[in-house]
Amino acid sequence: MKNPLTLLLIFFGLSNLFSQARISRIEPPNWWVGMHEPTVQLLVHGQQIADLSPRIDYPGVRLERVIKVENPNYLFLDLHIGAAARAGTVSIRFFEKERPVETRNWELWQREPGSAQRRGFDNADVIYLITPDRFANGDLTNDQVEDMREGPNRQNPGGRHGGDIEGIRQHLKYLADMGFTALWPNPLLENNMDRYSYHGYAITDFYKIDPRFGSNESFRTLAKEANDKGLKIIMDMVVNHCGSRHWWMEDLPSADWLNTWEQYTETNHRKSVIQDPYAVEADRKLLYDGWFVTTMPDLNQRNPLMANYLTQNSIWWIEYAGLSGIRMDTYSYPDPGYMAEWSRRLMQEYPHFNIVGEEWNYNPAIVAYWQRGKVNPDGYQSHLPSLMDFPLQQALTHALTVKETGGRGWLALYEILGQDFQYADPFNLVIFPDNHDMPRFFAQVGEDVDLFKLGLTFVLTTRGIPQIYYGTEVLMTSPTERNDGLIRSDFPGGWAGDKADAFSGKGLTDKQLDARAFLKKLLRWRKTAAAVQTGKLAHFDPKDNVYVYFRYNETQRVMVILNKNARPHDLDLSRFAGMLQGITQGSNVLSGQTFSMSGKLALPVKGALVLELK
Ligand code: CA
């Protein structure tokens, strides 16, 4: 050790070792050749890397711009991926003055054939919404993961219960057999929060599946296997906020990376200020820049680096996992200009894709504002194809549960559909009886199985793309006041040792088995019913507690009769003559029973008839 040369070697060895560790992260971790937008922006993070100059020598790839920010631990690199670029490993060499100090390999991948032309979910689909932590625990070894702050506790309604991607994968056959054609899992990305992390909306790494759910690779496998079984995957995304344990919270690129306030300031949730002609800017700022909750820092999408980061992240997941759709959380809370650009970029890259935005508002005029093709008085132009139809959800529960007097009840549903003139494309709305944020539909209708069936018949036969929350098929219920932990209860049979198993039917009550069989019948029939998927809708002014509508195209005609009468009721068919021309018979798709379509129709007490007409 006394030899000065040895000391020198040790010194250089150590410094080399030290410099190798300087760059901790490059995102996105890879990109693809042949994208419509040829530029990709890399976020590079590491100790004092702003001192380094990156160089790239790869055919077809040009380093266009190196951007430094306030924090010297970041560099942003704009790469132009030219048409001549081929898939392969790009070496990014980082120099300190003229001395190379670190080389990072970053990959360019080949796109899947037909990637740009992929078709998003559509009217032929019925979406099954899953809260992954609560559906099925297919892998016991990932319940407790080192480095993840929260462990399992199935006794705690707000704790992690252990459900995962493997649990979904194991039951794809069940879901496809039921007749569902698309899955929307609540967010699967890492939520390394101290507690209450199971719901997934406090993302701590936008490029990583939470290890308690699985891995990026297992998510991709799930998507592939689901696709093979006729199930599309819709990814739940959030660009409004991240989780307070996100890795960058320890070392923000710049002060304006987040929307910050002198004191903690919450959003006012007053989404109507966006359209309100008299609203003041201060109230708008509060909506956009206020935080959702203390544990969810509000992201500043007006920072162009943040904007790029989020948009590329969405595109990355579409390409990486082979998605058929995105559900975008809290659509009206981020900067609206950014959401217009986000949706434009995605739809430009994937012209036949579908994205549904969550605008939780019961006014169709407000929801319609955000849909592609809507001409807004303020000139706002969205490229978002679909929205969650909250107005219809509220009207449905109302229609089923209020007493039918003085034009209440069914009329609520009739009139809300009458507002469809406000939408650019009402048939592309996602319709649902409930979701993960509200009491279970069965609870909403007072656990009345007849009303439950009426409601589901409506959702599966009216216009729109139906979405059903997991467990609805076996009458999962909840308190009637919102209680998230109990709304998102464990699916029976998803855990070894469960008394009831909804997958096999073992241990279910007769009522549950009947509900499941009913839903399965309707779902499977819907898969064959082009008139319901893509046909027109005509509905009649509700009368005598009965709501009647038709779905029809050139080759198929379906009459849906929703009857709330608790006593036998004869429906006079003469009112519907305009839709029944040339029709003699109606066959109930639920029971196979055939009816003569003239004179009067004896309706079953409190129930639905779905008649295929001939
Ligand atoms: Ca697990």
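Values in this document were obtained by computation on a predicted structure and should not be read as measured data.

Caption draft 1: Summary view of the overall build of the chain. For the chain, the helix and strand inventory stands at 16 helices and 26 strands. Taking 25 Å as the expected radius of gyration for a compact globule of 614 residues, we find that the chain reaches 27 Å, a close match to that expectation. Each principal axis of the C-alpha atoms in the chain carries an extent, and together these give about 105 × 60 × 50 Å. The buried share of the chain, taken over its 614 residues, is 59%. Across the chain, every contact between residues at least 6 apart in sequence was considered, and the portion connecting residues at least 24 apart equals 72%. For the chain, the accessible area works out to roughly 25100 Å², and carbon and sulfur atoms hold 51% of it. Looking at the chain, you have 65 positive and 73 negative side-chain charges, and the mean spots of the two groups are 4 Å apart.

Caption draft 2: Fine view of the nonpolar core. Counting 174 residues, the largest nonpolar core has F219, W317 and L323 as its most contacted members. Per-element tally for this core: the top contributor is helix α6 (residues 304-321), with eleven residues. Not counting residues up to four positions away in its chain, the partners in contact with F219 are I165, L188, I209, I233, M235, W317, A321 and L323. With 21 residues, the next largest nonpolar core counts L571, M579, F595 and L613 among its residues.

Caption draft 3: Fine view of the coordination of the calcium ion. Every protein donor of the calcium ion is listed here as N137 (OD1), D139 (O), N142 (OD1), D143 (OD), G162 (O) and D164 (OD), and their distances to the metal cover 2.3 to 2.5 Å. Here the calcium ion is ringed by six donor atoms whose angles at the metal span 66 to 165 degrees, and the overall shape comes out irregular. In primary-sequence terms, the residues that donate to the calcium ion follow N-x1-D-x2-N-D-x18-G-x1-D. Highlighted residues: D143 in the loop between β9 (127-130) and α2 (165-170) and D164 in the loop between β9 and α2, separated in sequence by 21 residues. Accessibility expressed as a relative area gives 0% for D164, which makes it buried.

Caption draft 4: Layout of the sheet that holds strand β23 (residues 585-588). Ordered in space as β19-β20-β21-β26-β23-β24, the six strands form an open sheet in which the pairing is antiparallel. Of all the strands in the sheet, the pair left with one neighbour each is β19 (536-543) and β24 (594-596). This sheet shows a mean twist of 25 degrees between the axes of neighbouring strands, independent of strand direction. Sheet analysis places strand β20 (residues 546-552) next to strand β21 (residues 557-563), joined by seven bridges and oriented antiparallel. Each bridged residue has a counterpart across the sheet, and for Y547 the counterpart in β21 is L562. Relative to the sheet, helix α12 (residues 449-461) contacts β20, β21 and β26 (607-613), its axis offset from that of β21 by approximately 155 degrees.

Caption draft 5: Inspection of α12 at higher detail. Between its first and last C-alpha atoms α12 spans 18 Å; for 13 residues at 1.5 Å apiece the expected length is 18 Å, and the two agree. Across the 13 residues that make up α12, a large majority, eleven, are buried. Residues of α12 that are buried: V449, L451, F452, L454, G455, L456, T457, F458, V459, L460 and T461.

Caption draft 6: Spotlight on the packing of aromatic side chains. Per the stated rule, a full pass over the model turns up 46 aromatic pairs. Ring plane angle 10 degrees and centroid distance 6.2 Å describe the contact between Y74 and F76, whose orientation is recorded as stacked. Overall, the relative accessible area of 2% leaves F76 in the buried class. Above the ring of W247, the side-chain terminus of R25 is found at 4.1 Å from the ring centroid.

Cut-offs and rules
- Residues numbered from 1 in each chain as written.
- Predicted model: local features only at pLDDT ≥ 70, side-chain atom pairs only at ≥ 80, totals over all residues.
- Heavy atoms only, no water.
- Helix = DSSP H or I, 4+ residues; strand = E, 2+ residues; numbered from the N terminus.
- Rg over C-alpha atoms; globule rule 2.2 N^0.38 Å.
- Buried < 20%, exposed > 50% of the residue type's maximum accessible area, 1.4 Å probe, protein only.
- Contact = heavy atoms within 4.5 Å.
- Areas by Shrake-Rupley, 256 points an atom, 1.4 Å probe, with all protein chains shown as cover.
- Lys, Arg positive; Asp, Glu negative; His and termini not counted.
- Charge placed at Lys NZ, Arg CZ, Asp CG, Glu CD.
- Core = buried A, V, L, I, M, F, W, Y, C linked by side-chain atoms within 4.5 Å.
- Donors = N, O, S within 2.8 Å, 3.2 Å for Na, K, Ca; no water.
- Tetrahedral: all angles 85-135°; square planar, octahedral: opposite > 155°, others 65-115°.
- Pairing = 2+ DSSP bridges.
- Axes fitted to C-alpha atoms, helices over the stretch in contact; angles between N-to-C directions.
- Expected span 1.5 Å × (residues − 1).
- Phe/Tyr/Trp six-rings, centres within 6.5 Å; stacked < 30°, edge-to-face > 60°.
- Lys NZ or Arg CZ within 6 Å of the ring centre and 35° of its normal.

Just distances and angles here, no functional claims.
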